[in-house]
Amino acid sequence: MIVEITVKTKDGKSFRYNSQAEAIKKARIAAGLTQEQAAEKAGIKVQSWQKYEYGERTPKDDMLERIAAVLQVDISVLTSFSGM
């Protein structure tokens, strides 16, 4: 079974996703940020950000909080598929 979640951002944009990596990417795009801008705001290298978006790495709790703050989404948007 595939689960898909729809989220509305604070500015009214909506996006759907079915994995944590996809949620990070779509929330970043909805926020109007490039990978470089998002990584800089989160205080990490762009390569690390890309690994989160590509699903090659799973962010730890403290990083999820930083990512959620940068993307201006509730952290539950990013944890729905992380086993939390």
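Up top is the structure these notes are about.
Residues numbered from 1 in each chain as written. Predicted model: local features only at pLDDT ≥ 70, side-chain atom pairs only at ≥ 80, totals over all residues. Heavy atoms only, no water.

Focus on the overall build of the protein
Moving on, step 1. Counting its regular elements, the protein contains 5 helices and 2 strands.
Moving on, step 2. Along the protein, from the amino end to the carboxyl end, the secondary structure elements read β-β-α-α-α-α-α.
Moving on, step 3. Burial analysis of the protein (84 residues in total) assigns 38% to the buried set.
Moving on, step 4. Partitioning the intrachain contacts of the protein with sequence separation of at least 6 by distance along the chain shows that 40% fall at a separation of at least 24.
Moving on, step 5. With the model as given, the accessible surface of the protein reaches about 5,300 Å², and the carbon-plus-sulfur share is 46%. (Helix = DSSP H or I, 4+ residues; strand = E, 2+ residues; numbered from the N terminus. Buried < 20%, exposed > 50% of the residue type's maximum accessible area, 1.4 Å probe, protein only. Contact = heavy atoms within 4.5 Å. Areas by Shrake-Rupley, 256 points an atom, 1.4 Å probe, with all protein chains shown as cover.)

Here's the deal with the nonpolar core
Moving on, step 1. Counting residues in hydrophobic clusters, the biggest one holds 20 residues, and the most contacted among them are Ile24, Ile44, Trp49, Ile67, Leu71, Val73 and Leu78.
Moving on, step 2. The element contributing the most residues to this core is helix α4 (residues 61-71), with 6 residues.
Moving on, step 3. When neighbours within four sequence positions are excluded, Leu71 is seen to be in contact with Ile24, Ala27, Arg28, Ala31, Leu33 and Trp49. (Core = buried A, V, L, I, M, F, W, Y, C linked by side-chain atoms within 4.5 Å.)

Comments concerning the packing of helix α1 (residues 20-30) against helix α3 (residues 46-54)
Moving on, step 1. At a closest axis distance of 6 Å, the pairing of α1 and α3 adopts a crossing angle of 120°. The pairing of α1 with α3 is recorded here as oblique in orientation. The segment α1 lies against α3, with Ala21, Ile24, Lys25 and Arg28 engaging Trp49, Tyr52, Glu53 and Tyr54.
Moving on, step 2. Partitioning the contact of α1 with α3 into residue classes produces 5 nonpolar, no polar and 3 charged. (Axes fitted to C-alpha atoms, helices over the stretch in contact; angles between N-to-C directions. Parallel < 35°, antiparallel > 145°, perpendicular 65-115°, else oblique. Nonpolar A, V, L, I, M, F, W, Y, C, P; charged D, E, K, R; others polar.)

A word on the packing of helix α2 (residues 35-42) against α3
Moving on, step 1. In contact at an axis separation of 8 Å, α2 and α3 are set at 110° when each is read in the N-to-C sense. The angle between α2 and α3 falls in the class roughly perpendicular. Of the two possible hands of crossing, α2 and α3 adopt the one that is right-handed. Across the interface between the two elements, Gln35, Glu36, Ala38, Ala39 and Ala42 from α2 touch Val46, Trp49, Gln50, Glu53 and Tyr54 from α3. (Left-handed = near helix turned anticlockwise from the far one by under 90°.)

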